[in-house]
Amino acid sequence: MSWALAIVVVAAACSDPNGTVLVIEGDKEFDQIEVYFGTPVGDRTPTTEHRLTNPAGELQLLEKRHKAEDDVPPARATAEKSWGYLIPTTEKNLELGNYVLVIALKGGVPIGVAERFDFMLPVEDAVYRYPMKLVDIANQDVERWGSPIADCARWTYPRGDGKPTTVAVVRANDSDCDTFPDPGDADMAGADSAPLAYCDPRSPNGCPGVTSCLTTAMGRCASGTCMNREGATSACEPTTCLDPRLCEWCEADEGNPEQLVACSLRDTTTTHDDVYVPVGAGMVLCSNPYVFHLALPIPCAAPLIEFGTNWLMGATFGFAIAGDGNTCKITITQPPSGPAPFTPVPHLLISVANGAGAMLARTQFVVGLDSELGCGITLPHELNIDLDTCR
């Protein structure tokens, strides 16, 4: 859907304003226009009310919407097939951007659409005229959406010439136009949990985002995901109980397994307990496999090792976990390639099931694995883990 669109430059009379005229023409009569000016802000467009996914590999362009200082005139009393819309050259209008999308309506119903990627305003005494030929919108993948008003637009079709398949023109501080402001434009408590995923704010269940977080809202330490609901600020929706020390020492956005372990690596004395593993010459395990136990104040039910750091030399030791009452048994084995140094950096994020009917399905905690040189020494094979608030 490409055609040559010429700019006609006309010298402006002394009494005429400088500016650009959009010469909008169609095969059908229309009595109103909506004009979407935009500046590029990203290469991913949001999901919308009717486009719930964006196809992989599709070229996309996200445009931040601007409005002209002298915005679109009101609807005409008489429908016509052409409209000349002047955008005067003003300091504010010079920030409109190079992309412009026009949607023509009749009786409030969209009937045509057109666009340009090369919009400009003259800075000297001149008037630019941009022909914009409307395409029948009934045959196009075009959407106007937004809550509470539809003031964002998307047009998807194979433009070719290296241009994006989808262009979306959206609010300056709300990339998916769902009323929840983008992070950075609001404090985290009020920011959109998923700024490129449209959330119907009327949804009774709210809209979960992808941002991990920590919270003590339930009177206990928990990790979860950010949640948006209409009329309420964003909140961390708890899903998993945590060792309370993690909430005390880690940041609010460190709720996913990898981030929790990274937090424990930064603060090695207050976020977890350490187990000492006996090693001999060359930092090799004194016994292979080596077994130790973790004594919990709750049953070690359906235990999992959810995340663990690797070793500096690249040789990955094996770990297995099993539960017996309130005790978790951890088994460490040398790599299959043979004896390797047990470098004292590993940390494990372990979780256990909380039991049927529990509001938070699992409890997570971190254990550090340090080493003690000397195969003749005796080390405790059981470590007590304090998870009092996670029962």
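Scroll up for the structure.
An account of the accompanying structure is given in this report. (Residues numbered from 1 in each chain as written. Predicted model: local features only at pLDDT ≥ 70, side-chain atom pairs only at ≥ 80, totals over all residues. Heavy atoms only, no water.)

### Things to note about the nonpolar core
So the rule is basically this: The term nonpolar core refers to a set of buried residues drawn from Ala, Val, Leu, Ile, Met, Phe, Trp, Tyr and Cys, joined through side-chain atoms within 4.5 Å. Buried, partly exposed and exposed residues are distinguished by accessible area as a fraction of the type maximum, computed with a 1.4 Å probe on protein chains only: under 20%, between the cut-offs, and over 50%, respectively. Labels follow the DSSP assignment, with helices taken as runs of H or I lasting at least four residues and strands as runs of E lasting at least two, numbered in each case from the N terminus. Note on definitions: a residue-residue contact is assigned when non-hydrogen atoms from the two residues lie within 4.5 Å.
Ranked by internal contacts, the top residues of the largest apolar core, which has 26 residues, are Leu 294, Leu 296 and Ile 332. Every element with two or more residues in this core is listed here: strand S16 (273-279), strand S17 (290-295), strand S20 (327-333), strand S21 (347-353) and strand S22 (362-373). Dropping the residues within four chain positions of it, Leu 294 is found in contact with Val 275, Asn 326, Thr 327, Cys 328, Ile 330, Ile 350, Phe 365, Val 367, Leu 383 and Ile 385.

### Focus: the pairing of strand S4 (residues 60-66)
Rules: Paired strands, as defined in this entry, are two strands with at least two bridges between them according to DSSP.
With six of seven residues buried, S4 is to be regarded as a mostly interior element. Judged from the five bridges that link them, strand S3 (residues 32-42) and S4 form a sheet pairing that is antiparallel. Residue Phe 37 lies in a different strand from S4, and its bridge partner there is His 66. In the sheet, S4 pairs with strand S12 (residues 166-170) via five bridges, with the strands oriented parallel. Its bridge partner being in S12, Leu 62 is matched across the sheet by Ala 168.

### Side note on helix H2 (residues 257-266)
Our working definition: Directions from the helix axis toward the C-beta atoms define the arc. In protein, a polar contact means a hydrogen-donor-capable atom and an acceptor-capable atom, both N or O and within 3.5 Å, with residues adjacent in sequence counting only if both atoms are side-chain atoms; elsewhere, any N or O pair within 3.5 Å suffices.
For H2, every residue scored as buried is listed here: Leu 260, Val 261, Cys 263 and Ser 264. Here the buried residues of H2 occupy an arc of 155° about the axis, which is enough to place them on one side. The exposed residues of H2 that point more than 90 degrees off its buried face are Glu 258 and Arg 266. Of the residues that open H2, the one with a side-chain oxygen 3.2 Å from the backbone nitrogen of Glu 258 is Asn 256.

### Overview of the sheet that holds strand S7 (residues 109-116)
Reading across from one edge, S9-S7-S6-S3-S4-S12-S11-S10 is the order of the eight strands in this open sheet, with mixed pairing throughout. The strands lining the two open edges of the sheet, one partner per strand, are strand S9 (135-136) and strand S10 (141-145).

### Here's the deal with the environment of Gln 32
Structurally, Gln 32 can be placed in strand S3. When its relative accessible area of 26% is taken as the criterion, Gln 32 is described as partly exposed. Look past the residues within four positions of Gln 32 in its chain and what remains in contact with it is Ala 75, Trp 83, Ile 103, Ala 104 and Leu 105.

### Thoughts on the state of the cysteines
Cysteine pairs can be covalently joined through their sulfur atoms, and such a bond is termed a disulfide. The cut-off we apply is this: Disulfide: a pair of cysteine sulfur atoms within 2.5 Å of each other.
Within the structure shown, the criterion is met by six disulfides. A sulfur-sulfur distance of 2.1 Å marks the disulfide that ties Cys 221 to Cys 247. Here the S-S torsion is close to 90°, and the disulfide linking Cys 221 with Cys 247 is therefore right-handed. Separated by 26 residues along the polypeptide, Cys 221 in the loop between strand S13 (207-215) and strand S14 (222-229) and Cys 247 in helix H1 (residues 244-249) bring together distant segments of the chain. Residues Cys 221 and Cys 247 agree in their burial class; the two are buried.

### Description of the pattern of salt bridges
Put simply, the rule is: Salt bridge, as used here: a side-chain nitrogen of Lys or Arg that lies within 4 Å of a carboxyl oxygen of Asp or Glu.
A full pass over the atoms with the stated rule returns 15 salt bridges. In this structure, Arg 171 and Asp 151 form a salt bridge, with 2.9 Å as the shortest nitrogen-oxygen distance. Taken together, the residues Arg 171 in the loop between S12 and S13 and Asp 151 in the loop between S10 and strand S11 (152-156) connect sequence positions 20 residues apart. Accessibility classification places Arg 171 together with Asp 151 in one group, the buried group. Here Arg 266 and Glu 254 are joined by a salt bridge, their closest N and O atoms 2.6 Å apart. Within this pair, whereas Arg 266 is found in helix H2, its partner Glu 254 is found in the loop between H1 and H2, the two being separated by 12 residues in sequence. Under the relative-accessibility criterion, Arg 266 is labelled exposed at 54%. Relative accessible area serves as the criterion here: at 9%, Glu 254 is assigned to the buried category.

### Looking at the packing of aromatic side chains
Convention followed: Here a Phe, Tyr or Trp ring, Trp counted by its six-membered ring, pairs with any other such ring whose centre lies within 6.5 Å, and the pair is stacked when the planes are under 30 degrees apart, edge-to-face when over 60, and tilted otherwise. Placement of a charge over a ring requires the Lys NZ or Arg CZ to be within 6 Å of the ring centre, with the centre-to-atom vector within 35 degrees of the ring normal.
Inspection of the entire model under this criterion finds seven aromatic pairs. When the ring of Phe 37 is compared with that of Phe 119, the centres are 5.1 Å apart and the planes differ by 55°; the resulting orientation is tilted. Of this pair, Phe 37 sits in strand S3 while Phe 119 sits in the loop between S7 and strand S8 (127-133), placing them 82 residues apart in sequence. We classify Phe 119 as buried; its relative accessible area is 2%. We note Arg 76 situated over the ring of Trp 83; from NZ or CZ to the ring centre the distance is 4.2 Å. Directly above the ring of Phe 117 sits Lys 163, whose terminal nitrogen or CZ lies 5.5 Å from the centroid.

### A closer look at the side chain of Ser 223
As for its position among the elements, Ser 223 is in strand S14. Residue Ser 223 is classed as buried on the basis of its relative accessible area of 4%. Not counting residues up to four positions away in its chain, the partners in contact with Ser 223 are Cys 213, Leu 214, Glu 237, Pro 238, Thr 239, Thr 240, Leu 242, Gly 255 and Gln 364.

### A look at the side chain of His 347
Within the element layout of this structure, His 347 appears in strand S21. Its relative accessible area of 7% is what places His 347 among the buried residues.

### Some points on the sheet that holds S20
Where we set the bar: Angles run from 0 to 180 degrees between N-to-C directions of axes, and those axes are lines fitted to C-alpha atoms, restricted for helices to the stretch in contact.
Spatial ordering of the open sheet is given by S19-S20-S17-S23, a layout of four strands whose pairing is mixed. Bordering the open sheet on either side are strand S19 (318-324) and strand S23 (382-384), each of which pairs with just one other strand. Sheet twist, expressed as the average angle between the axes of neighbouring strands with direction ignored, equals 25°. Pairing of S19 with S20 involves seven bridges; the strand directions are antiparallel. By the bridge assignment for S20, Ala 322 is matched with Lys 329.

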